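Chain by chain, the residues:
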Amino acid sequence: MDSIVVKGGSELRGQIHIAGAKNAALTLMPATLLSEEPLTLTNAPRLSDIATMTQLLQSLGAEITSMQDGKVQVMSTHGEINTTADYEIVRKMRASNLVLGPLLAREGHAIVSLPGGCAIGARPMDIHTDGLEKMGASIELKDGYLHAKAAGGKLKGAVIDFPFASVGATENIMMAATLAKGTTVINNAAREPEIVDLATCLRSMGAQIEGDGTSTITVQGVDRLGAATHPVVTDRIELGTYMLAPVFCGGEVECLGGRMDLVSSFVEKLDAAGVDVTETKAGLKVKRRGDRPKAVDVTTEPFPGFPTDLQAQMMAMLCLAEGTSVLEEKIFENRFMHAPELVRMGADIDVQGGTATVTGVAGLKGAPVMATDLRASVSLILAGLAAEGETVVNRVYHLDRGYEHVEEKLGAVGAKIERVQGS
Ligand code: EPU
């Protein structure tokens, strides 16, 4: 298995191009199931999770052509489709559950494997299934698979009140509602930019959706959706990750394609930590004000709050801050696995349940480390940028799920980083 080796201490200077969002692409791709006509995504990220979604959609009968080195994905799902999403693919990636709403909307029935838990938490699907049941589906769990059937072969509009603003459930219900009979209202909907991006794409395909980006989304069902070409929104998590890089080791980095509205709560915390973020014509430029960042308290929340997907990276930065910071993880019950690895690099972190208290230290030391999820892995690379000596991050396949060419992007701005091929 490959590993990434980082030698700390080099200042970073230059520009990093931010890719299209993984979590937007992973919900835009299943939208192809809603139409017999082609859906073309531009600005798609080149990631192993995208390859997994491609494999899943192909297994359902979609034709997918990848162009421009994967940046353009042309998808077409015409004719007969298979309505069973197999465990062997679904278990690799939770976002596979995003085919449930589209399959049910198009065919009136679907069998989709439950993805199971993952390293960061149990992640059940009750909000998705309760919503679809309100739309007239009967859903039964048999042999690890959700067997879903719409009464009379067609979903109907409903008023659905989410107990929590789940991103995936908002996406699944919104997609399902585009082809349902009548109007669906989602109350307490998620407001993430990826939801707005999906709604924008669905509208280009002919869907009638209002209120995306607010807590109430209204979808008026239509008979069919057509073709569309849609550019994937910038990845705000990749953006936030690379914005942190010069805070670890000094210098100045411009993140091309970065937008303030995608990361405003994160930028507020950076400002409080002594980091300057300025808007440029091409993106966002980041520079640390002093020699060390300052401690700040962070609580993760649904958008527009501080994103859970930047918590690990922020924790790594706070390990080097002056003072003591308190991080509260409110979205996932087990998302501090990076903490013991950072401690191996010399950090001072005390985790009690969903709260981590980080007392900043003057420096970190390189070490062999390993992470069990994507964001945790990249936080260790960031820590390695500041650490004395060599940090070897193992289990790089997690990283490749969500960051394209991480070693090339950081290497191009001056980091000493390389990928070592494993056996
Ligand atoms: N939840 C339930 N029941 C449900 C759905 C969710 O209890 O039916 C709980 C989850 O267990 C979790 C919380 O609600 O504790 C939030 O889950 P949500 O449904 O909002 O998250 P998701 O759709 O499964 C997406 C991203 C995650 C990101 C979260 C939160 C994709 C493919 N994944 O997951 O991304 O952390 O929203 O913003 O969009 C990542 O990229 O590293 C990643 C984990």
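Residues numbered from 1 in each chain as written. Predicted model: local features only at pLDDT ≥ 70, side-chain atom pairs only at ≥ 80, totals over all residues. Heavy atoms only, no water.

Student: Sorry, what's going on with the overall build of the protein here?
Tutor: On a plain count of helices and strands, the protein comes out with 14 helices and 24 strands. For 423 residues, the compact-globule estimate of 2.2 N^0.38 gives 22 Å, and the protein sits close to it at 21 Å. Considering only C-alpha atoms, the protein reaches an extent of 65 × 45 × 40 Å along its principal axes. In the protein, which comprises 423 residues, the proportion classed as buried is 57%. Considering only residue pairs separated by 6 or more positions, the protein has 74% of its internal contacts joining residues 24 or more positions apart. Of the accessible surface of the protein, which amounts to about 15900 Å², a share of 49% is contributed by carbon and sulfur atoms. (Helix = DSSP H or I, 4+ residues; strand = E, 2+ residues; numbered from the N terminus. Rg over C-alpha atoms; globule rule 2.2 N^0.38 Å. Buried < 20%, exposed > 50% of the residue type's maximum accessible area, 1.4 Å probe, protein only. Contact = heavy atoms within 4.5 Å. Areas by Shrake-Rupley, 256 points an atom, 1.4 Å probe, with all protein chains shown as cover.)

Student: For this particular structure, what's the right way to read the sheet that holds strand β5 (residues 72-76)?
Tutor: What holds strands together in a sheet is hydrogen bonding between their backbones, with the strands either parallel or antiparallel. The strand order β4-β5-β3-β14 describes an open sheet built from 4 strands, whose pairing is mixed. Since the sheet does not close on itself, it has two edges, and those belong to β4 (63-67) and β14 (228-231), each with one partner. With direction set aside, neighbouring strand axes in the sheet form an average angle of 15°. Strand direction decides the pairing type here: strand β3 (residues 39-42) and β14, joined by 4 bridges, are parallel. Within the sheet, the bridge partner assigned to Thr40 lies in β14 and is Thr229. (Pairing = 2+ DSSP bridges. Axes fitted to C-alpha atoms, helices over the stretch in contact; angles between N-to-C directions.)

Student: Is there a simple way to think about the sheet that holds strand β11 (residues 183-187) in this case?
Tutor: Pairing is mixed in the open sheet, where 4 strands are placed in the order β10-β11-β13-β12. Sheet topology places β10 (159-161) and β12 (208-210) at the edges, where each strand pairs with a single neighbour. When the angles between neighbouring strand axes are averaged without regard to direction, this sheet yields 15°. Packed on one face of the sheet, helix α6 (residues 167-178) meets β10, β11, β12 and β13 (216-220) and runs near 25° to β13.

Student: Would you explain the environment of Glu88 in this entry?
Tutor: Within the element layout of this structure, Glu88 appears in helix α3 (residues 87-90). Put simply, Glu88 and Leu56 are 32 residues apart on the chain and 9.6 Å apart in space, counted from C-alpha to C-alpha. At a separation of 3.1 Å, a polar atom in the side chain of Glu88 contacts the side chain of Arg91. (Polar contact = N/O pair within 3.5 Å; in protein donor to acceptor, adjacent residues only side chain to side chain.)

Student: I would appreciate a short explanation of the environment of Leu41 in the present structure.
Tutor: If you trace the backbone, Leu41 turns up in strand β3. Once the C-alpha coordinates of Leu41 and Thr229 are considered, the two residues, 188 residues apart in sequence, prove to be 5.8 Å apart. Excluding anything up to four places from it in sequence, Leu41 contacts Leu28, Met29, Lys71, Val72, Gln73, Met75, His230 and Val232.

Student: Please explain the pattern of salt bridges as it appears in this structure.
Tutor: Side chains carrying opposite charge are able to pair once their charged atoms draw close together. Applying the stated criterion across every chain yields a total of 24 salt bridges. In this structure, Asp49 engages Arg401 in a salt bridge whose closest nitrogen and oxygen atoms are separated by 2.8 Å. One end of the pair, Asp49, is in helix α2 (residues 48-59); the other, Arg401, is in helix α13 (residues 397-402), and 352 residues separate them in sequence. Put simply, Arg106 and Glu107 hold a salt bridge, and the shortest N to O gap is 3.6 Å. For Arg106, a relative accessible area of 17% translates into the label buried. Glu107 sits in the partly exposed class, given a relative accessible area of 29%. When salt bridges that share partners are traced, they join Arg46, Asp69, Glu238, Glu404 and Lys409 into one network. (Salt bridge = Lys/Arg side-chain N within 4 Å of Asp/Glu carboxyl O.)

Student: Sorry, what's going on with the site of the ligand here?
Tutor: Among the 21 residues in the neighbourhood of the ligand, the closest are listed as Asp126, Ser166, Asp309, Ile331 and Arg375. Between Asn23 and the ligand, the recorded distance is 3.0 Å, taken from a side-chain N or O atom to an oxygen atom. At a separation of 2.8 Å, an oxygen atom of the ligand approaches a polar backbone atom of Val167. Protein chains bury 86% of the 830 Å² of accessible surface belonging to the ligand in isolation. For the shell around the ligand, the elements supplying multiple residues, two or more each, are α1 (22-28), α5 (126-134), α6 and α12 (374-386). With 3 residues, α5 is the single largest residue contributor to the shell around the ligand. Split by residue class, the shell around the ligand holds 10 nonpolar, 5 polar and 6 charged. (Near = heavy atom within 4 Å. Nonpolar A, V, L, I, M, F, W, Y, C, P; charged D, E, K, R; others polar.)

Student: I tried to follow the packing of helix α8 (residues 236-249) against helix α10 (residues 311-318) on my own but got confused; where do I start?
Tutor: Helices that pack against each other are described as a pair by the angle of their axes relative to one another and the distance between those axes. Direction vectors running N to C along α8 and α10 enclose 10°, while the axes themselves pass 10 Å from each other. Classified by the angle their axes make, α8 and α10 are roughly parallel. Counting all contacts with α8, which are made through Ile237, Thr241, Leu244, Val247 and Phe248, the residues of α10 involved are Gln313, Met314, Ala316 and Met317. (Parallel < 35°, antiparallel > 145°, perpendicular 65-115°, else oblique.)

Student: Help me understand the packing of α10 against α12 in this model?
Tutor: Their axes nearest at 8 Å, the elements α10 and α12 cross at an angle of 25°. Taken together, α10 and α12 sit at an angle that is classed as roughly parallel. For the pair α10 and α12, the crossing hand works out as right-handed. Here Ala312, Gln313 and Ala316 of α10 come into contact with α12, specifically with Arg375, Ala376, Val378, Ser379, Leu382 and Ala383. Of the residues that constitute the contact of α10 with α12, the class distribution is 6 nonpolar, 2 polar and 1 charged. (Left-handed = near helix turned anticlockwise from the far one by under 90°.)

Student: Just checking my understanding: could you explain the nonpolar core for this structure?
Tutor: In summary, soluble globular proteins display a tendency toward joint burial of nonpolar side chains. Within the largest apolar cluster, 75 residues are counted, with the highest numbers of intra-cluster contacts made by Leu57, Val99, Leu132, Met135, Leu155, Met174 and Leu202. Ranked by residue count, the leading element in this core is α6, at 6 residues. Excluding residues that lie within four positions of it along the chain, Leu155 makes contacts with Leu104, Ala105, Leu132, Met135, Ala137, Ala150, Ala176, Ala180 and Lys181. Ranked by size, the runner-up nonpolar core spans 69 residues in total, among them Val277, Val286, Ala321 and Ala376. (Core = buried A, V, L, I, M, F, W, Y, C linked by side-chain atoms within 4.5 Å.)

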